[in-house]
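Structural characterization, general
Spelled out, the chains give:
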Amino acid sequence: MKSLIFLIHLGVFILFSISLFAQQRVYDQYIRNNKVGTLTVSWEKDSDHSITKVRVESDARVNLLVVRAKIDYLGISKFEDGVLKSAEIKVLRDGKPHQNATTQKRRGRYLVHINDERKWIEHPAIHFSSLLLYTREPKGVSEVYAEADGVFNQLEYCGNGKYELILQGSRNNFYYYNEGILVKALLDHWIAPITLKLRK
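Residues numbered from 1 in each chain as written. Predicted model: local features only at pLDDT ≥ 70, side-chain atom pairs only at ≥ 80, totals over all residues. Heavy atoms only, no water.

Regarding the packing of aromatic side chains
By the definition in use, this model includes three aromatic pairs. With 4.7 Å between their ring centres and 45° between their planes, Y157 and Y163 make a pair best called tilted. Overall, Y163 belongs to the buried group, its relative accessible area being 4%. Look at Y163 and Y177: their rings are 5.5 Å apart centre to centre, the planes differ by 90°, and that puts the pair in the edge-to-face class. Here Y177 lies in strand β12 (residues 173–178) and Y163 lies in strand β11 (residues 162–166), a separation of 14 residues in the sequence. Here Y163 matches Y177 in class, with each residue buried. Each member of the aromatic cluster is reached from another via a ring pair, and the members are Y157, Y163 and Y177. Positioned above the aromatic ring of Y176 is the side chain of K184, whose terminal nitrogen or guanidinium carbon lies 5.5 Å from the ring centre. (Phe/Tyr/Trp six-rings, centres within 6.5 Å; stacked < 30°, edge-to-face > 60°. Buried < 20%, exposed > 50% of the residue type's maximum accessible area, 1.4 Å probe, protein only. Helix = DSSP H or I, 4+ residues; strand = E, 2+ residues; numbered from the N terminus. Lys NZ or Arg CZ within 6 Å of the ring centre and 35° of its normal.)

See below:
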């Protein structure tokens, strides 16, 4: 009986400890000032407060003159000792696969699959990826790995908590932070530019 009580207390303690290190934020998505969906960011930290897992989920319904679509997005990145170990991006358009991308750390480099294409990235350690931009202000970061594209983009600090992510082959993204928290983002998207605003 005592062992059962001990196990119950241990389970409660573990759940409580995990909840201490799990965080979440919700953003509303807008296209041309019209709300089209939500984006939810959740992440876990270990006892050293290092991020170990980031999960970004988005659902949007776009109803423009030339495009009507339901877009579902799921991105998951896992880290160990501040180094990216794996990432997975899935995008559905109207319930059908639109993009799949994975990144796996293997023997000092990374194997990347984007849809049917495969490539190796000769990079020993990736410390900052695009999903992390939703979890904390990227102070001192100048290069961001894009899980969806398998490329590195330059990041520039513009002052007053504003950052510009220089994208290859499209318009740039802008991120706005207040006290280390992302409060707004202007994102280039293949359908239309999207504005994210932190839900209060």
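Following the structure, the description resumes.
Description of the pattern of salt bridges
All chains considered together, the criterion is met by seven salt bridges. When the shortest N-O distance is used, the salt bridge between R55 and E57 registers 3.0 Å. For the salt bridge of D188 with R171, the shortest nitrogen-to-oxygen distance reads 3.2 Å. With D188 in the loop between β13 (181–187) and β14 (194–198) and R171 in the loop between β11 and β12, this residue pair connects regions lying 17 residues apart in the sequence. Overlapping salt bridges bring together D28, K35 and R199 as one network. (Salt bridge = Lys/Arg side-chain N within 4 Å of Asp/Glu carboxyl O.)

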